[in-house]
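# Notes for the structure review
Residue strings, one per chain:
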Amino acid sequence: PAGTASLSVTDTTGRVARAHPTSSQIRLLTKSADKVCFVNVGSSTVTAAVTDTPILPGVPFVMTVPNDGTSGTYVAAICASTETATLYITDGEGQ
């Protein structure tokens, strides 16, 4: 792994810069007993909606992302209404 960023996720979209934005994959993990986060990857203006990719609690999810240093530099996330969770984003190269 090339580095990990974390994001406190609420029912309002938030975003965080990736630790190593030129890696081609990210591993996402929600630290919560029962809260699902929804994520989207993009530039510094990316937002997330509850219709985006769901990340189940405690289940690592690996996603291939743009690694051009521009279009996939941030991860945005949101939870359903009134829910909160912590999302960990680890950059790396898988096999």
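Owing to the predicted nature of the structure, the values given are computational and were not obtained by experimental measurement.

Glancing now at the sheet that holds strand β3 (residues 25-31). Taken together, four strands build an open sheet; the order of strands is β1-β8-β3-β6 and the sheet is antiparallel. Because the sheet does not close on itself, it has two edges, and the strands there are β1 (3-9) and β6 (61-64). The mean angle between the axes of side-by-side strands here comes to 25 degrees, regardless of whether they run parallel or antiparallel. Pairing geometry for β1 and strand β8 (residues 85-92), over seven bridges, is antiparallel. If you follow T4 over to β8, its bridge partner there is T90.

Attention now moves to the environment of A5. Position of A5 relative to the elements: it lies in strand β1. Setting aside residues no more than four positions away along its own chain, A5 makes contact with V16, A17, A19, L87, Y88 and I89.

Here the focus is the environment of V36. Positionally, V36 belongs in the loop between β3 and β4 (37-42). Residue class for V36 comes out partly exposed when judged on its relative accessible area of 22%. For V36 and G69, which are 33 residues apart along the polypeptide, the C-alpha to C-alpha distance reads 28 Å. Once you skip the residues sitting within four places of it in the chain, V36 turns out to touch P54, I55, L56, P57, I78, C79, A80 and E83.

Once that is clear, we can look at the sheet that holds β4. With respect to topology, four strands assemble into an open sheet ordered β2-β7-β4-β5, the strand pairing being antiparallel. In this open sheet, the two edge strands, each paired with only one partner strand, are β2 (14-17) and β5 (53-55). Each strand axis lies, on average, 35 degrees off the axis of its neighbour in the sheet, ignoring direction. In this sheet, β5 lies alongside β4 in antiparallel orientation, the contact comprising three bridges. For C37, the partnering residue across the bridge sits in β5 and is I55.

Reading guide: rules and limits
Residues numbered from 1 in each chain as written. Predicted model: local features only at pLDDT ≥ 70, side-chain atom pairs only at ≥ 80, totals over all residues. Heavy atoms only, no water. Pairing = 2+ DSSP bridges. Helix = DSSP H or I, 4+ residues; strand = E, 2+ residues; numbered from the N terminus. Axes fitted to C-alpha atoms, helices over the stretch in contact; angles between N-to-C directions. Contact = heavy atoms within 4.5 Å. Buried < 20%, exposed > 50% of the residue type's maximum accessible area, 1.4 Å probe, protein only.

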